[in-house]
Each structure stands twice: as C-alpha cells, then as structure tokens.
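# Structural overview
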Amino acid sequence: MTPERESSNRERTPSGATATTRTRARLDQPRPPRRRLLPEWDPEAFGRLSERIARFLGTGRFIVWMTVVIIAWVLWNIFAPGDLRFDNYPFIFLTLMLSLQASYAAPLILLAQNRQDDRDRVNLEQDRKQNERSIADTEYLTREIAALRIGLGEVATRDWIRSELQDLMKELEARQHDGHAIFPAERSDRPSGRDVDDR
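Residues numbered from 1 in each chain as written. Predicted model: local features only at pLDDT ≥ 70, side-chain atom pairs only at ≥ 80, totals over all residues. Heavy atoms only, no water.

This part covers helix α3 (residues 43-57). The terminal C-alpha atoms of α3, which comprises 15 residues, lie 21 Å apart, in line with the 21 Å expected from a rise of 1.5 Å per residue. For α3, the full list of buried residues reads Gly47, Ser50, Glu51, Ala54 and Leu57. Down the axis of α3, the buried set is contained in an arc of 125°. They therefore lie on one face. The outward face of α3, more than 90 degrees from its buried face, is lined by the exposed residues Arg52 and Arg55. Elements that come into contact with the buried residues of α3 comprise α4 (60-79) and α5 (92-153). (Helix = DSSP H or I, 4+ residues; strand = E, 2+ residues; numbered from the N terminus. Expected span 1.5 Å × (residues − 1). Buried < 20%, exposed > 50% of the residue type's maximum accessible area, 1.4 Å probe, protein only. Arc of directions from axis to C-beta. Contact = heavy atoms within 4.5 Å.)

Before going further, it helps to spend a moment on the environment of Glu125. Structurally, the position occupied by Glu125 is in helix α5. On the accessibility criterion, Glu125 (34% relative accessible area) is partly exposed. Separated by 2.4 Å, the side chains of Glu125 and Arg128 make a polar contact. (Polar contact = N/O pair within 3.5 Å; in protein donor to acceptor, adjacent residues only side chain to side chain.)

This part takes up the packing of aromatic side chains. Summed over all chains, the structure comprises 4 aromatic pairs. Note on Phe56 and Phe62: the rings are 5.6 Å apart at their centroids and 75° apart in plane angle, and the pair reads as edge-to-face. Using a relative accessible area of 34% as the deciding quantity, one classes Phe56 as partly exposed. An aromatic cluster is built from Trp73, Phe86 and Phe93, whose rings are joined through pairwise contacts. (Phe/Tyr/Trp six-rings, centres within 6.5 Å; stacked < 30°, edge-to-face > 60°.)

Next comes the structure, spelled out in structure tokens:
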C-alpha cells in the first residue's frame, strides 16, 4: 500500500472508541422525535374540554341533576330490597363519589379560570395597544387642527373681505357727500405712464 492511500484511509475512518460508536448529528436537519413513555395529548383540546365541563358545573342544570341523582341514590338504598341495595345507611360509597367528583371539578375549574385569565391578559394588551394608537391619532389630529387654525388666521376670510369692502363703500359715499372727487387728480410731480414709456 502506498503512503498516500494509507493517509486517505486514516482521514476517512474516525479514530477513537467513541467516534465509531456514536453517529454525528447533522445541524442542517431536524432531530427525530423522541419516544415517550407517557401518552401525549393536545393541551388545547384538553383545555377546551375543561372549559366546557366548568361551564356545565356552574349551571343550575348540573345542580338539579346532581340533586336528582343523590335523592334517587338515597331512596334506592333505603327502600329497595336488601339484596339490591349497594350502599347502606351511612352512604359511604355516595360520600366517596361526591368527594371524587369534587376533587376532579376543582382542578378543571381552576384550569378553565387560568385559560380565561390568559385570554383576558391578551385582550387587555390588545386594548392597551389600541388605546395608544387612538391617543397618538388624536394628538396628530390635534396638531393638524392647530396648524390649520394658524394657517387660517393669516388667510383673508369672506367676512373680513366683506367688512373691508363695506368700509371702502362708506368712505366713497362720504367723499361723494362732501363734494370731493372720488378719484383725486394725479399730482403733477408724479410722472405719468406715458412719460415713463417715452424715457
């Protein structure tokens, strides 16, 4: 074997015990999903289910149905024949079922409240941003209106022109009554337009 082939073989094969047993992860590809021992569930679907259950637990219909079930349970275990009764007088099994129902209802209600708090927080953040945009728009419009008022203060309005014309008309009428010429004769010291053109 030539020395060039030996060096190329050394470069191709990894050296060391750990390098041969472990494959190198490629950074340009996603990792394969890991196997999990516990079952997986969709947290959104579970949250929606918990909200539905919490809404049902907070209705009068649930209280009526629970009351009907408890009364039927008690009456059955009191008045039914002895061999058909499944929970005698202290009703221990009924107490166990009610405590089991309460132990599941409390976390479901808390989960529904947490989801509602998250939604409220998002809504409040959106409302705050909307209020900030509204305030910024209002300030911009206020500045624009102020600039228009300043600009309009320098523009001759219709009322101002009307009042100026009325003042001129009064002045002309006053001159007519006094016998003065409406347009005074040109002074001789001022050159006429023809003189200016002749020059």
